[in-house]
Amino acid sequence: MPVRRRLSGPVKFVRILADHWKLREADLVPLLGFEAGDTPHVAAVLQGQEELRGRDARDRITHVFRIRETLDSLFRDLKVENDWLREPHDLLEGRSPMSLLLGGSMEDLLLVRDYVDEVAGR
């Protein structure tokens, strides 16, 4: 039986984020920059059975934290925030921020971060 570890702050954030944004565990795999074959690793990380691997994943969490923090200051309502994340935006070529975040590309994640900062007037 795998040893349960104490969850790190970034992993705790990801678990809370999944709840706030209504994300499935499978959605977190590309969000964190992993491939579909890494799903067991991501599941084990979320359960505290493994450590999060890779600097890329930690960097992504930092960017997603900033996105979440900015959206929280803009909307203050999770339903409105979730609706906004899932609706198409003209400045994103008709794509939704969530579809870009879950596409797995660091470039798209940074595009969403910049877009959210722009919307917030930062």
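Residues numbered from 1 in each chain as written. Predicted model: local features only at pLDDT ≥ 70, side-chain atom pairs only at ≥ 80, totals over all residues. Heavy atoms only, no water.

### Concerning the nonpolar core
Piece 1. Ranked by internal contacts, the top residues of the largest apolar core, which has 32 residues, are Trp-21, Leu-28 and Leu-101.
Piece 2. For this core, the secondary-structure elements that each account for two or more residues are α1 (9-20), α2 (25-31), α3 (39-46), α4 (55-75), α5 (78-86), α6 (97-101) and α7 (106-119).
Piece 3. Setting aside anything within four residues of it in sequence, one finds Leu-28 in contact with Val-14, Ala-18, Leu-23, Val-42 and Leu-46. (Core = buried A, V, L, I, M, F, W, Y, C linked by side-chain atoms within 4.5 Å. Buried < 20%, exposed > 50% of the residue type's maximum accessible area, 1.4 Å probe, protein only. Helix = DSSP H or I, 4+ residues; strand = E, 2+ residues; numbered from the N terminus. Contact = heavy atoms within 4.5 Å.)

### Structural notes on the packing of α1 against α4
Piece 1. Axis separation between α1 and α4 bottoms out at 11 Å; the angle between their running directions is 45 degrees. As judged from the angle between their axes, α1 and α4 are oblique. By crossing handedness, the relation of α1 to α4 is classed as left-handed. When α1 is examined against α4, the residues Pro-10, Phe-13, Val-14, Leu-17 and His-20 are found in contact with a partner set consisting of Ile-61, Val-64, Phe-65 and Arg-68.
Piece 2. Its residues assigned to classes, the contact of α1 with α4 shows seven nonpolar, one polar and one charged. (Axes fitted to C-alpha atoms, helices over the stretch in contact; angles between N-to-C directions. Parallel < 35°, antiparallel > 145°, perpendicular 65-115°, else oblique. Left-handed = near helix turned anticlockwise from the far one by under 90°. Nonpolar A, V, L, I, M, F, W, Y, C, P; charged D, E, K, R; others polar.)

### Let's talk about the packing of aromatic side chains
Piece 1. For the structure on display, the rule yields three aromatic pairs.
Piece 2. Seen from their ring centres, Phe-75 and Trp-84 are 5.7 Å apart, and the 45 degrees between their planes marks the pair as tilted.
Piece 3. Looking at Phe-75, the relative accessible area reads 22%, which means it is partly exposed.
Piece 4. What makes Trp-84 buried here is its relative accessible area of 10%.
Piece 5. Counting every residue linked through ring pairs, the aromatic cluster contains Phe-75, Trp-84 and Tyr-115. (Phe/Tyr/Trp six-rings, centres within 6.5 Å; stacked < 30°, edge-to-face > 60°.)

### Considering unusual backbone geometry
The bulk of non-glycine residues show a negative phi, and the bulk of peptide bonds are trans.
Piece 1. Not every positive phi belongs to a glycine, and Arg-76 is a case in point at roughly 55 degrees.
Piece 2. Relative to the elements of secondary structure, Arg-76 occurs in the loop between α4 and α5.
Piece 3. Although it is not a glycine, Glu-93 sits at a positive phi angle of roughly 55 degrees.
Piece 4. Note on placement: Glu-93 falls in the loop between α5 and α6.

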